[in-house]
Amino acid sequence: MEGDIINPKFIKEKSNKDFLKVIANKASFISQDEMYLEGNVRYTSNKFILESDKVNFDQLNFNASSEEKTLFISDNISIVSEGFKVEDKGNIISFKGKSKLKIK
């Protein structure tokens, strides 16, 4: 790994005032654009919050994945799963392993 960043924060604005924000306690570079985020990783937008502890993150397109316990929260749904994958700049989110879904 090339180096470490403490308390990294990435923000990407999308059209129509949408945004994606990623924060963590620590980041390590895997390549120029890919990072390994650790400690209270939070992936948020104006529509949802996704939390996990260890996440692979592509800072260029904001795709992310994890094999760790994950919590997803939106207005009417919460999901606890064994991992996740975010693709298409936050438009597609897949949950891995055993998952628990609550609909309000």
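Residues numbered from 1 in each chain as written. Predicted model: local features only at pLDDT ≥ 70, side-chain atom pairs only at ≥ 80, totals over all residues. Heavy atoms only, no water.

(A) Spatial organisation of the side chain of Ser52. Along the polypeptide, Ser52 turns up in strand E6 (residues 48-58). Classification of Ser52 by relative accessible area gives buried; the value is 8%. Of note is the side chain of Ser52, whose polar atom sits 3.0 Å from the backbone oxygen of Lys69. (Helix = DSSP H or I, 4+ residues; strand = E, 2+ residues; numbered from the N terminus. Buried < 20%, exposed > 50% of the residue type's maximum accessible area, 1.4 Å probe, protein only. Polar contact = N/O pair within 3.5 Å; in protein donor to acceptor, adjacent residues only side chain to side chain.)

(B) Quick look at a nonpolar patch on the surface. On the surface, Ile77, Leu101 and Ile103 cluster together to form a nonpolar patch covering roughly 290 Å² of accessible area. The topology assignment puts Ile103 in strand E12 (residues 100-103). (Patch = residues over 30% accessible without salt bridge, like charges linked within 9 Å, V, L, I, M, F, W, Y side chains within 5 Å. Areas by Shrake-Rupley, 256 points an atom, 1.4 Å probe, with all protein chains shown as cover. Salt bridge = Lys/Arg side-chain N within 4 Å of Asp/Glu carboxyl O.)

(C) Representation of the nonpolar core within the structure. Among the nonpolar cores identified, the biggest contains 19 residues, and Leu37, Tyr43 and Phe57 are the most heavily contacted of them. Only strand E3 (19-23), strand E5 (34-45), E6 and strand E10 (84-87) provide two or more residues apiece to this core. Setting aside residues no more than four positions away along its own chain, Tyr43 makes contact with Leu20, Lys21, Val22, Phe48, Ile49, Leu50, Phe57, Phe62, Asn63, Ala64, Val86 and Gly90. (Core = buried A, V, L, I, M, F, W, Y, C linked by side-chain atoms within 4.5 Å. Contact = heavy atoms within 4.5 Å.)

(D) Representation of the side chain of Asp58 in the model. Summarising the element assignment, Asp58 is placed in strand E6. Look at Asp58: it is buried, it has no salt bridge, and the nearest opposite charge is Lys12 at 7.9 Å. Not counting residues within four places of it along the chain, the set of residues in contact with Asp58 comprises Asp33, Glu34 and Asn63. (Lys, Arg positive; Asp, Glu negative; His and termini not counted.)

(E) Structural detail: the pattern of salt bridges. What the rule picks out here adds up to three salt bridges. Lys96 is the salt-bridge partner of Glu67, the closest N and O atoms lying 2.8 Å from each other. On the criterion of sequence distance, the pair formed by Glu67 in the loop between strand E7 (63-66) and strand E8 (70-74) and Lys96 in the loop between strand E11 (92-95) and E12 is long-range, its members being 29 residues apart. Put simply, Glu87 and Lys85 hold a salt bridge, and the shortest N to O gap is 3.9 Å. Look at Glu87 and you get partly exposed, because its relative accessible area is 30%.

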